[in-house]
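Letter by letter, the chains look like this.
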Amino acid sequence: MNPVYAQGLLDVDFGLFFWVLITFLLFLFLLSKFAWKPILNALGEREKVIKESLEAAEKAKSEAEQISRDNEKALKEAESISQKIRKEALKEAETLRADRIEKAKVESEKFLNQARSSIEQEKKQALIELREEVSRLAIGAAARILDEELDEKRNRKIVDRYIKELN
Amino acid sequence: MKQFLRFIFLILLFTTGITVISKADSGNENRVDLIGKVVDHNYLDFKPLATIELPRLIYDDGSFYFYRSTTSLLNTSENFTDAAYVDFEPTVEEGRIVPATYNIVRTDGQPPAFDFSITSHLVFFWIAAIVMFLIFIPLSTRYRLGTGRISEPRGAFQNLFETLVVFIRDDIALQNIGPARYQQFTPYLLTVFFFILFMNFFGLMPWGVSSTADITVTAVLALLTFSATQIFASKDYWKHVFWFPGVPVPIKFILMPVELIGLFTKPFALCIRLFANMASGKILIFSLLGTIFIFSDLFGSGVAYGTSWIWVLLTLFVYLIKALVSFIQAYVFTILSALFIGLSVSDHSEEHAH
């Protein structure tokens, strides 16, 4: 019969301790260097790329929104400006027309006045000439009537006085 | 139907296994060394196929001794012998001395200065290390070549391990250590997690041994976590240990020894928790199967055969629990390590929440 010497369950075996410690530290070093570092770096890189592209997409989206908002705003502004310009143009045309009409009125008034005054002048002139003619004719007639009784000078004086009294 | 057939097959498999064990033991005294199934050995047990003896490395009296196996040591060495053969005549089979206890001592009965022989737990520890290497080096190559770095991960292999790696990084390291320093400890936590996971899973395989059911292995892991908490500890951490802030002075004196003991209970608990969980699962499985033989002794083999399916089903259940526990214990060890490291490296100076 083989005697059975059960090893204690709680015995710490220093040979095993030594080997396990050495192996674990060695593998910790090797795995950290050749496995965990590349894997964790790759994961980190991937996560960074995903995060960045998400952020970029978000940024692009907000930018596009901003641009469309800007466009809309610009369109509205342009519309209001064109409205304003049209209104102004209309107003200006109106004023211009009114101006023209006014001017034409003034001009025609002026011409009319001028014509009137020149007619007046002519009339006066004609009247004077007519009086003179009349007076000459009257004198002539009177001279013929009186038969040269009166001298020219005195008759003239009489006629002039008469004409003055007429006025 | 298919599932039912599979179920029947499993029952048959277990029953044959038990029959083989009972036949193998019937020659002896029907005695199974239960603790012997859990503790470390100097041989790999592939019963009933083979038993592979492992090399012996012994340092004594200033020189190293190397032997291919325990049998070769017993047959060739003049300095060492089996502990059982110091006082008794060695057992000889087929002209060779066979090992009795595998416990090697000097011929004067004293233990050698340092016995760092390869043991079964060590072999499975190394297998776990190699498996990790075989998994994570190709995985890192994939990442280095671009799959997963500039594109999404492809395939079950990469997705599975990436999920675990990201889980440990985000939910264990980042959560417990904080954004400032978690990157420094993530490699350690990853290594610990996968090491423990693979070692636990080896215990579920036929003839496999889970090295985590050995207190030496868990002690090394706990020691490393302890070292990390001591080496990278912040000034604030030591202040909390020796002069607890924010409490009256007499309380500070009471808290100092409590905190000092706490320094060592944390890694001790880590070590014991993992070891006890893994060892107890195995002992439980053997005990449940052993019930069949106890019934055979008490009520006769007929009752034992009749009720064996109950114990086999229970064993199956415990086996599934053990698979779950393998995962949970790896997770618990890692998260507690992260928690302790986080407690020690974090700087509380900005938050006075005590």
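It should be emphasised that the depicted structure is a prediction, and the values quoted were computed from it without experimental measurement.

How each quantity is defined
- Residues numbered from 1 in each chain as written.
- Chains lettered and ligands numbered in written order.
- Predicted model: local features only at pLDDT ≥ 70, side-chain atom pairs only at ≥ 80, totals over all residues.
- Heavy atoms only, no water.
- Phe/Tyr/Trp six-rings, centres within 6.5 Å; stacked < 30°, edge-to-face > 60°.
- Helix = DSSP H or I, 4+ residues; strand = E, 2+ residues; numbered from the N terminus.
- Buried < 20%, exposed > 50% of the residue type's maximum accessible area, 1.4 Å probe, protein only.
- pLDDT = per-residue confidence, 0-100.
- Pairing = 2+ DSSP bridges.
- Expected span 1.5 Å × (residues − 1).
- Contact = heavy atoms within 4.5 Å.
- Core = buried A, V, L, I, M, F, W, Y, C linked by side-chain atoms within 4.5 Å.
- Salt bridge = Lys/Arg side-chain N within 4 Å of Asp/Glu carboxyl O.
- Domains from an automatic or database assignment.

**A short note on the packing of aromatic side chains**
Aromatic ring pairs are described here by two measures, namely the spacing of the ring centres and the angle between the planes.
Residue and element names in this part refer to chain B.
Inference 1: Taken as a whole and assessed by the stated rule, the structure comprises 35 aromatic pairs over all chains.
Inference 2: Measuring from centroid to centroid gives 5.1 Å for phenylalanine 185 and phenylalanine 232, while their planes differ by 85°, and the two rings are edge-to-face. Within this pair, whereas phenylalanine 185 is found in helix H6 (residues 182-202), its partner phenylalanine 232 is found in the loop between helix H7 (215-231) and helix H8 (235-242), the two being separated by 47 residues in sequence.
Inference 3: Aromatic side chains tryptophan 238 and phenylalanine 242 sit 6.2 Å apart centroid to centroid with 20° between the ring planes, which places their arrangement in the stacked category. Taken together, the positions of tryptophan 238 and phenylalanine 242, both in helix H8 and 4 residues apart, correspond to about one turn of that helix.
Inference 4: Taking relative accessible area as the criterion, phenylalanine 242 reaches 38% and is therefore assigned partly exposed.

**So, the confidence of the model for chain B**
Residue and element names in this part refer to chain B.
Inference 1: Taken residue by residue, chain B gives an average pLDDT of 85. The fraction at 70 or more is 93%.
Inference 2: Mean pLDDT values over the elements of chain B span from 67, in helix H1 (residues 2-26), up to 93, in H6.
Inference 3: Quick note on the complex model: pTM equals 0.74, ipTM equals 0.83.

**Considering the pairing of strand S1 (residues 43-46) of chain B**
Residue and element names in this part refer to chain B.
Inference 1: Bridge count for S1 against strand S2 (residues 50-53) is 4 bridges, and the pairing is antiparallel. Following the sheet pairing, leucine 44 is matched in S2 by isoleucine 52.
Inference 2: Count of turn residues in the S1/S2 antiparallel hairpin: 3 residues.

**Things to note about helix H5 (residues 155-177) of chain B**
Inference 1: Between its first and last C-alpha, H5 of chain B extends 31 Å over 23 residues, near the 33 Å set by a 1.5 Å rise per residue.
Inference 2: Turning to H5 of chain B, its buried residues are Gln158, Phe161, Glu162, Leu164, Val165, Val166, Ile168, Arg169, Ile172, Ala173 and Ile177 of chain B.
Inference 3: Those residues of H5 of chain B that are buried lie in contact with helix H1 (14-146) of chain A together with helix H4 (120-145), H6 and helix H10 (301-345) of chain B.
Inference 4: The first or second residue beyond H5 of chain B is glycine 178 of chain B, which carries a positive phi of 100°.

**Quick look at the nonpolar core**
Inference 1: Counting residues in hydrophobic clusters, the biggest one holds 78 residues, and the most contacted among them are Phe24 and Trp36 of chain A together with Phe136, Phe194, Phe195 and Phe198 of chain B.
Inference 2: Ignoring any residue separated from it by four or fewer positions in sequence, one finds phenylalanine 194 of chain B in contact with Trp36 of chain A together with Met132, Phe136, Phe161, Leu164, Val165 and Ile168 of chain B.
Inference 3: Ile58, Leu73, Ala84 and Ile104 of chain B belong to the second largest nonpolar core, which has 10 residues in total.

**Re the pattern of salt bridges**
Inference 1: Tallying each qualifying case throughout the model produces 9 salt bridges over all chains.
Inference 2: Salt-bridge contacts for aspartate 108 of chain B lead to arginine 106 of chain B; the nearest nitrogen and oxygen are separated by 3.5 Å.
Inference 3: A relative accessible area of 23% places arginine 106 of chain B in the partly exposed class.
Inference 4: In this structure, a network of salt bridges that share partners links the residues Glu47 of chain A together with Arg169 and Asp170 of chain B.

**A few points about the domain arrangement of chain B**
Inference 1: Structurally, chain B comprises domain 1 (55-115) and domain 2 (120-353).
Inference 2: Averaged C-alpha coordinates put domain 1 of chain B and domain 2 of chain B at centres separated by 36 Å.

**Here's the deal with the sheet that holds strand S4 (residues 63-67) of chain B**
Residues and elements named next belong to chain B.
Inference 1: Strand order in the open sheet formed by 3 strands is S4-S3-S9, with antiparallel pairing between adjacent strands. Unpaired on one side and paired on the other, S4 and strand S9 (114-115) mark the two borders of the sheet.
Inference 2: Direction of pairing for strand S3 (residues 56-60) relative to S9: antiparallel, over a ladder of 2 bridges. For tyrosine 59, the partnering residue across the bridge sits in S9 and is phenylalanine 114.

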